[in-house]
Amino acid sequence: LSSLRLPADSRKHKMYNVRLALAALRQLGVPNISDITPAHVVDAHQPRIIQLVWSTILFFELPEFRQEIIQYKASRLIQGQARRFLAMKSYHIALRGCLSL
């Protein structure tokens, strides 16, 4: 924290501070943030910020978010199963179409 530039009045200082924060999170091993840049955060790029926040929450498994983490993991599991099911179903429909020719 001692190397942060405070107050971060300029874009240059904000970029520097976010770069330090992202580097620290990457060094800790927070997954799914390698494609997030300081510009995403400074420019308030909402999808990337949400990705950063949830990746951090999931990594540290913060107790305040325990229920949300369980729901998120369950929804990801259900989404994955639904995708596989739909892919198999469309494959079988396509296969039936080919066989009927």
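About the criteria used
Residues numbered from 1 in each chain as written. Predicted model: local features only at pLDDT ≥ 70, side-chain atom pairs only at ≥ 80, totals over all residues. Heavy atoms only, no water. Patch = residues over 30% accessible without salt bridge, like charges linked within 9 Å, V, L, I, M, F, W, Y side chains within 5 Å. Areas by Shrake-Rupley, 256 points an atom, 1.4 Å probe, with all protein chains shown as cover. Salt bridge = Lys/Arg side-chain N within 4 Å of Asp/Glu carboxyl O. Helix = DSSP H or I, 4+ residues; strand = E, 2+ residues; numbered from the N terminus. Axes fitted to C-alpha atoms, helices over the stretch in contact; angles between N-to-C directions. Left-handed = near helix turned anticlockwise from the far one by under 90°. Contact = heavy atoms within 4.5 Å. Nonpolar A, V, L, I, M, F, W, Y, C, P; charged D, E, K, R; others polar. Buried < 20%, exposed > 50% of the residue type's maximum accessible area, 1.4 Å probe, protein only. Core = buried A, V, L, I, M, F, W, Y, C linked by side-chain atoms within 4.5 Å. Phe/Tyr/Trp six-rings, centres within 6.5 Å; stacked < 30°, edge-to-face > 60°. Lys NZ or Arg CZ within 6 Å of the ring centre and 35° of its normal.

K.L.:
Which residues make up a nonpolar patch on the surface, and what are the values?
P.N.:
A surface patch of nonpolar side chains, about 410 Å² in accessible area, is lined by Leu28, Phe59, Phe60, Leu62 and Phe65. Looking at the element boundaries, Leu28 is found in helix α1 (residues 11–28).

K.L.:
How would you explain the packing of α1 against helix α3 (residues 46–60) if you had to name every residue and give the values?
P.N.:
Running from N to C, α1 and α3 cross one another at 35°; their axes reach a closest spacing of 12 Å. Relative to α3, α1 is oriented so that their crossing is left-handed. The segment α1 lies against α3, with Leu22, Leu25 and Leu28 engaging Leu52, Thr56, Phe59 and Phe60. Each residue belonging to the contact of α1 with α3 can be placed in one class, and the counts come to six nonpolar, one polar and no charged.

K.L.:
Requested: an account of the environment of Ser75, with residues and values cited.
P.N.:
Position of Ser75 among the secondary structure elements: in helix α4 (residues 66–99). Classification of Ser75 by relative accessible area gives partly exposed; the value is 29%. Along the sequence, Ser75 and Ala39 sit 36 residues apart, while their C-alpha atoms lie 30 Å from each other.

K.L.:
So what's going on with the nonpolar core? Which residues, and what values?
P.N.:
Counting residues in hydrophobic clusters, the biggest one holds seven residues: Val18, Leu22, Leu25, Val30, Ile33, Ile36 and Leu52. When residues in this core are grouped by element, the largest group, three residues, is from α1. If we ignore the near neighbours within four places in the chain, the residues touching Leu22 are Ile33, Ile36, Thr37, Pro38 and Leu52.

K.L.:
Can you tell me about the packing of aromatic side chains, naming the residues and giving the values?
P.N.:
Counted under the stated rule, the structure contains one aromatic pair. Taking the centre distance of 4.9 Å and the plane angle of 85° together, the rings of Phe59 and Phe60 count as edge-to-face. The class for Phe59 is partly exposed, based on a relative accessible area of 33%. Arg5 extends its terminal NZ or CZ atom over the ring of Tyr16, reaching a point 3.7 Å from the ring centre.

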